[in-house]
Amino acid sequence: MRFICPYDGTPVNENLECEKGHKFIYHDGMYDFLVNSKVKGDALLERIAPIYDKIWAPLGFFLTSFYSYDRIFKDAGSFLSSRNFLDIGTGPGTIFKYVKCEYCIGLDISTKFLLILKKKFSHVIAVRADATSLPIESASMDSVSSFLVLHMLNNPSLAIKEISRVLKPNGKCEILVLVKSNVISRLLSKWWKIELRHRDYYISAIEENKLTLLEIKKYGPWLLLKCKKQA
Ligand SMILES: [Zn+2]
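- If you check an unreviewed UniProt entry, the protein chain appears there as Methyltransferase type 11 from Acidianus hospitalis.

Put into structure tokens, the structure is as follows:
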């Protein structure tokens, strides 16, 4: 496993410099590919980072779907456990309690979340980067997940394209997103100031990016998609 430049795709050396001269830094236990970048962590998420794991996410997900967060993570653990595993928008890294991996990468744009992740899961490689241009080598991951994140992006299909790019043939992916559906999703989208997409948007993005949809489940306004990279 090695890093590539998120701007031009050339390999990044041990000093975290790409072949075209872009420089990245390692600090506070994390590889930071967003130095000098305009990408900012969402202000609300930055503020709630310290309590996110215990209160916010389980409560938010449970209240809006009436299903347990824990149950979904347990199932994800058996589906995604593999040698090289990447979690995109990992937050405080809850998924690493469930997924067994040798090379475990937790990626987020928030420094605060990554600091919490490193305290709890020292074996996880913490990477600060943008979900739509991953500093990860193509065809290097056995499994990739992204929970409760892609609907927050301006262009979720770009992130799905990146998930497909970094997966090995037959590699697995699991995505949990908020979709345009009912009153609850309308409320959440107003609150987060995001434009929600219809479920068909995600299904098309998956199919257009050499991924096979294995399973699709609806939990209230949330949509869970399991897929596999075509061989
Ligand atoms: Zn570069």
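Brief notes about unusual backbone geometry
Here is step 1 of the chain: Positive phi is not limited to glycine here, since Asp-28 has a value of about 50 degrees.
Here is step 2 of the chain: Its 12 C-beta neighbours within 10 Å are what place Asp-28 among the exposed residues.
Here is step 3 of the chain: In the Ramachandran plot, Leu-148 falls in the positive-phi region, its phi being about 60 degrees despite a non-glycine side chain.
Here is step 4 of the chain: On the secondary structure map, Leu-148 appears in the loop between β6 (141–147) and α4 (156–166).

Considerations on the pairing of strand β4 (residues 103–108)
Look at any regular strand and the pattern is simple: side chains alternate between the two faces of the sheet.
Here is step 1 of the chain: For β4, the buried fraction is high: 5 of the 6 residues fall into the buried class.
Here is step 2 of the chain: Pairing analysis gives 4 bridges linking β4 to strand β5 (residues 125–128), with the strands arranged parallel. For Ile-105, the partnering residue across the bridge sits in β5 and is Ile-125.
Here is step 3 of the chain: Crossover β4 to β5 through helix α3 (residues 111–120) is right-handed.

Overview of the pairing of strand β8 (residues 211–219)
Here is step 1 of the chain: Sheet analysis places β8 next to strand β9 (residues 222–229), joined by 8 bridges and oriented antiparallel. Bridge assignment links Glu-215 to a residue of β9, and that residue is Lys-226.

Here's the deal with the environment of Lys-180
Here is step 1 of the chain: For Lys-180, the location among the structural elements is in the loop between β7 (167–178) and α5 (183–192).
Here is step 2 of the chain: The exposure class of Lys-180 is partly exposed, given the 16 C-beta atoms found within 10 Å.
Here is step 3 of the chain: Along the chain, Lys-180 and Trp-222 lie 42 residues apart, while their C-alpha atoms are 8.9 Å from each other.

Describing the nonpolar core
Here is step 1 of the chain: Core analysis: the largest hydrophobic core is formed by 58 residues, its most contacted members being Leu-86, Val-127, Val-144, Val-166 and Val-177.
Here is step 2 of the chain: Broken down by element, the residue count for this core peaks at 6 residues, all from β7.

Quick word on the sheet that holds strand β1 (residues 25–27)
Here is step 1 of the chain: Strand order in the open sheet made by the 9 strands is β1-β2-β5-β4-β3-β6-β7-β9-β8, with mixed pairing throughout. This sheet does not close on itself; its edge strands, each paired only once, are β1 and β8. Going from strand to strand, the sheet's axes swing by 20 degrees on average, the running direction of each strand aside.
Here is step 2 of the chain: Two strands pair when backbone bridges link them, and β1 and strand β2 (residues 30–32) are joined in this way by 3 bridges, in the antiparallel orientation. Opposite Tyr-26, over in β2, you have Tyr-31 as the bridge partner.
Here is step 3 of the chain: Contacting β3 (84–88), β6, β7, β8 and β9, α4 runs over the sheet at an angle of about 160 degrees to β6.

Overview of helix α2 (residues 69–80)
Along an α-helix, a turn takes 3.6 residues, which lines up residues three or four apart on a common side.
Here is step 1 of the chain: Relative to the 16 Å expected for 12 residues at 1.5 Å per residue, α2 spans 16 Å between its end C-alpha atoms, a close match to the ideal helical length.
Here is step 2 of the chain: Along α2, the residues classified as buried are Ile-72, Ala-76 and Leu-80. Seen along its axis, α2 keeps its buried residues to an arc of 55 degrees; they face one direction. Those residues of α2 that are exposed and angled more than 90 degrees off the buried face are Arg-71 and Ser-78.
Here is step 3 of the chain: Where α2 is buried, its residues meet β3, β6, β7 and β9.

The rules we used
Residues numbered from 1 in each chain as written. Predicted model: local features only at pLDDT ≥ 70, side-chain atom pairs only at ≥ 80, totals over all residues. Buried ≥ 20, exposed ≤ 12 C-beta atoms within 10 Å, placed from the backbone. Helix = DSSP H or I, 4+ residues; strand = E, 2+ residues; numbered from the N terminus. Pairing = 2+ DSSP bridges. Right-handed = clockwise from strand over helix to strand, strands pointing away. Core = buried A, V, L, I, M, F, W, Y, C linked by C-beta atoms within 7 Å. Axes fitted to C-alpha atoms, helices over the stretch in contact; angles between N-to-C directions. Contact = placed C-beta atoms within 7 Å. Expected span 1.5 Å × (residues − 1). Arc of directions from axis to C-beta.

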